[in-house]
Amino acid sequence: MRSRHGGGEWAALLQPAPAGEWVSLDVETTGLDPQRDHILSLAAVPVRDGRVLLSERFERRIRPDRGFDIESIRHHRITPDEAAGGISVTPAVREFLLWLGPRRLLGYHLVFDLAMLAPHVKALTGFALPNPRVELADAFAARARRARPDVPPNLEFRHIAEALGVPALARHSALGDATTVALCWLALRGAAAVVRTM
């Protein structure tokens, strides 16, 4: 893929991932069907040198192509009027990819987030997002099984955060969930997390 696309606009995505850096990603959507639903917000937070770098975050409100129902509003607390003030998805994803580069991705149910982004990434770049990725639930489950191999691990998001001593920040907002995942990841790695906002 690097030989085919390595000289174009998206060459940075195909470079080796920098050591010791992750990008915690979350999207909020109109529903849970990647074939039918739309992205409402996209947020990502770098994690580097034991720090969650909110000062370097990426955050966009996205205008969906169709309306959404009250259940969606109850979940993510984004109203249709607020969504209408966002930007369209293609420029938002373009900005995100240029910001992301080759860094490793980190998330909770990251497969879903990437499935929501996939058609937009492919339309822009011509290839699937190649970045290495880490699933928080898998990393937590591995630790839990080492500690208690006879007990199935509880992988609910709030339980993971509580077990790691991390507050769940602004649950069901893209930035809140991305930041919580980043802090959980540092806790799992035994780092004393620092959140830098300036």
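Presented here is an overview of the structure given in this document. The model shown is predicted, which means the values in this text are computed figures rather than measured ones. (Residues numbered from 1 in each chain as written. Predicted model: local features only at pLDDT ≥ 70, side-chain atom pairs only at ≥ 80, totals over all residues. Heavy atoms only, no water.)

**Regarding the nonpolar core**
We apply this condition: For our purposes a nonpolar core is just a set of buried Ala, Val, Leu, Ile, Met, Phe, Trp, Tyr and Cys residues, chained together by side-chain atoms within 4.5 Å. Buried, partly exposed and exposed residues are distinguished by accessible area as a fraction of the type maximum, computed with a 1.4 Å probe on protein chains only: under 20%, between the cut-offs, and over 50%, respectively. Strands here are runs of E lasting at least two residues and helices are runs of H or I lasting at least four, both read from the DSSP assignment and numbered beginning at the N terminus. When checking whether two residues touch, look at their non-hydrogen atoms; a contact exists if any pair is within 4.5 Å.
Counting residues in hydrophobic clusters, the biggest one holds 28 residues, and the most contacted among them are Leu136, Ile160, Leu164, Cys184 and Trp185. Mapped onto this core, the elements with two or more residues apiece are β2 (39-48), α6 (136-147), α7 (157-163) and α8 (174-188). Counting residues per element, this core draws most heavily on α8, which supplies ten residues. The contact partners of Trp185, leaving out residues within four places of it in the chain, are Trp22, Val47, Leu106, Val134, Leu136 and Ala139. Counting 27 residues, the second-largest nonpolar core is a separate cluster that includes Leu14, Ile39, Ala44 and Val121.

**Here we look at the side chain of Glu21**
As a reminder of what qualifies: Whenever a nitrogen or oxygen atom comes within 3.5 Å of another N or O atom, the pair is scored as a polar contact, on the condition that within protein one atom can donate a hydrogen and the other can accept it, and that pairs from neighbouring residues in sequence are kept only if both atoms are in side chains.
In this fold, Glu21 is placed in strand β1 (residues 21-29). Looking at Glu21, the relative accessible area reads 9%, which means it is buried. A polar atom in the side chain of Glu21 sits 2.8 Å from the side chain of Arg48. Look past the residues within four positions of Glu21 in its chain and what remains in contact with it is Pro46, Val47, Arg48, Arg103 and Arg104.

**So, the packing of aromatic side chains**
Here is the rule we go by: Put simply, two rings from Phe, Tyr or Trp (the six-membered ring, in Trp's case) pair if the centres are within 6.5 Å, and we call them stacked under 30 degrees between planes, edge-to-face over 60, tilted for the rest.
All chains considered together, the criterion is met by five aromatic pairs. Judged by centre distance (4.8 Å) and plane angle (40°), the rings of Tyr108 and Phe157 are tilted. With Tyr108 in the loop between β5 (104-107) and α5 (110-125) and Phe157 in helix α7, the pair connects residues that are 49 residues apart, well separated along the chain. Note on Tyr108: relative accessible area 14%, which makes it buried.

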